Amino acid sequence: MEKNTYFNLIKEKIDINYYYNLGLSPECGAVSMFSGITRNYFENKKVEKLSYSAYSDMVYSEFKKIEEYVRSKWCVSKIIFIHRLGEVEISECSILIVISSNHRIDSLAAVEYSINKLKEYVPIWKKEIYTNNDSKWKENKEFLINNSQ
């Protein structure tokens, strides 16, 4: 089975169709995806947009660790992790994970594992920008819990 991996941090809008097609493989019967999008409210505050920043070198290192585990646990072909940096408007995609495999069970499990581990270990930070010109850096609770030990 073809095994390709593609990781990227980008500043432009994520073209979901492009990455979905990149994840296709003629030997695979499943392509599973997760896309995280910006919502317009959080804790009773109206959100205008999000702004993401990252420690890029460490992001790629952590992406690689997740990929290695996924490949050791499930039979998957293509793995794609894309994350936006900079400002992300309401209803735009900020993160996309695409994983293909022979069967849905492996790709679905691998996507779920990947997003959970990404939230726990990958150093990407977001700032919520509210409609009242206020803003707040958001702590990633999963990251803090698992990395405070």
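Just above, that's the structure.
Everything numeric here is computed off the predicted structure, so don't read it as measured data.

J.: Can you help me understand the nonpolar core in this one?
T.: Among the nonpolar cores identified, the biggest contains 25 residues, and Phe 63, Val 70, Val 76, Phe 81, Ile 97, Ile 99 and Val 122 are the most heavily contacted of them. At the level of secondary structure, the elements contributing two or more residues to this core comprise β1 (4-10), β4 (45-54), α2 (56-73), β5 (76-84), β7 (93-101), α3 (104-121) and β8 (124-130). One finds Ile 14, Ile 82, Leu 96 and Val 98 within the second-largest nonpolar core, a separate group that totals eight residues.

J.: Looking at this model, I keep getting lost on a nonpolar patch on the surface. Mind explaining?
T.: Residues Tyr 55, Met 58, Trp 125 and Trp 137 make up a contiguous nonpolar surface patch of about 440 Å² in total accessible area. By secondary structure assignment, the location of Tyr 55 is in the loop between β4 and α2.

J.: Explain the pairing of strand β9 (residues 135-138) to me, please; I cannot follow it from the model alone.
T.: As a general feature of sheets, a regular strand has side chains that alternate between the two faces. Two strands pair when backbone bridges link them, and β8 and β9 are joined in this way by four bridges, in the antiparallel orientation. For Glu 128, the partnering residue across the bridge sits in β9 and is Lys 136. Taking the residues between adjacent antiparallel strands as the criterion, β8 and β9 are bridged by four residues, where Asn 133 takes a positive phi near 70°.

J.: For this particular structure, what's the right way to read the pattern of salt bridges?
T.: Pairing between side chains of opposite charge can happen when their charged atoms approach one another. Applying the stated criterion across every chain, the model contains eight salt bridges. For the salt bridge of Lys 13 with Glu 92, the shortest nitrogen-to-oxygen distance reads 3.4 Å. Of this pair, Lys 13 sits in the loop between β1 and α1 (16-23) while Glu 92 sits in the loop between β6 (86-89) and β7, and the two are 79 residues apart along the sequence. Overall, Lys 13 belongs to the exposed group, its relative accessible area being 59%. The class of Glu 92 is buried, set by a relative accessible area of 14%. Among the salt bridges present, the one from Glu 92 reaches Arg 84, with a minimum N-O distance of 3.1 Å. For the pair formed by Glu 92 and Arg 84, the shared burial category is buried. Bridged by salt links that share partners, the residues Lys 13, Arg 84 and Glu 92 form one connected network.

J.: I'm lost on the environment of Glu 43 in this one. Help?
T.: With respect to the element layout, Glu 43 can be found in the loop between β3 (41-42) and β4. Each C-alpha atom of the pair Glu 43 and Thr 131 lies 14 Å from the other, and the pair is 88 residues apart in sequence.

J.: For this particular structure, what's the right way to read unusual backbone geometry?
T.: Comment: phi is negative for the bulk of residues other than glycine, and the bulk of peptide bonds are trans. For Glu 43, which is not a glycine, the phi torsion comes out positive at approximately 45°. Residue class for Glu 43 comes out exposed when judged on its relative accessible area of 53%. At Asn 44, a residue that is not glycine, the phi angle is positive and equals roughly 65°. Note on placement: Asn 44 falls in the loop between β3 and β4.

J.: Mind showing me how you'd approach the side chain of Glu 128 here?
T.: Along the chain, the position of Glu 128 falls in strand β8. Residue Glu 128 is classed as buried on the basis of its relative accessible area, which comes to 3%. A polar contact is formed between the side chain of Glu 128 and the side chain of Tyr 130, at a distance of 2.7 Å. Setting aside residues no more than four positions away along its own chain, Glu 128 makes contact with Phe 42, Val 47, Lys 49, Leu 50, Asp 134, Ser 135, Lys 136 and Lys 138.

J.: I'm lost on the environment of Leu 50 in this one. Help?
T.: Along the polypeptide, Leu 50 turns up in strand β4. Owing to a relative accessible area of 5%, Leu 50 belongs among the buried residues under this scheme. With 86 residues separating them along the chain, Leu 50 and Lys 136 place their C-alpha atoms 9.7 Å apart. Excluding residues that lie within four positions of it along the chain, Leu 50 makes contacts with Thr 38, Gly 86, Glu 87, Val 88, Lys 126, Lys 127 and Glu 128.

Definitions and cut-offs
Residues numbered from 1 in each chain as written. Predicted model: local features only at pLDDT ≥ 70, side-chain atom pairs only at ≥ 80, totals over all residues. Heavy atoms only, no water. Core = buried A, V, L, I, M, F, W, Y, C linked by side-chain atoms within 4.5 Å. Buried < 20%, exposed > 50% of the residue type's maximum accessible area, 1.4 Å probe, protein only. Helix = DSSP H or I, 4+ residues; strand = E, 2+ residues; numbered from the N terminus. Patch = residues over 30% accessible without salt bridge, like charges linked within 9 Å, V, L, I, M, F, W, Y side chains within 5 Å. Areas by Shrake-Rupley, 256 points an atom, 1.4 Å probe, with all protein chains shown as cover. Salt bridge = Lys/Arg side-chain N within 4 Å of Asp/Glu carboxyl O. Pairing = 2+ DSSP bridges. Polar contact = N/O pair within 3.5 Å; in protein donor to acceptor, adjacent residues only side chain to side chain. Contact = heavy atoms within 4.5 Å.

Such coordinate-based values are descriptive only and should not be taken to indicate function.
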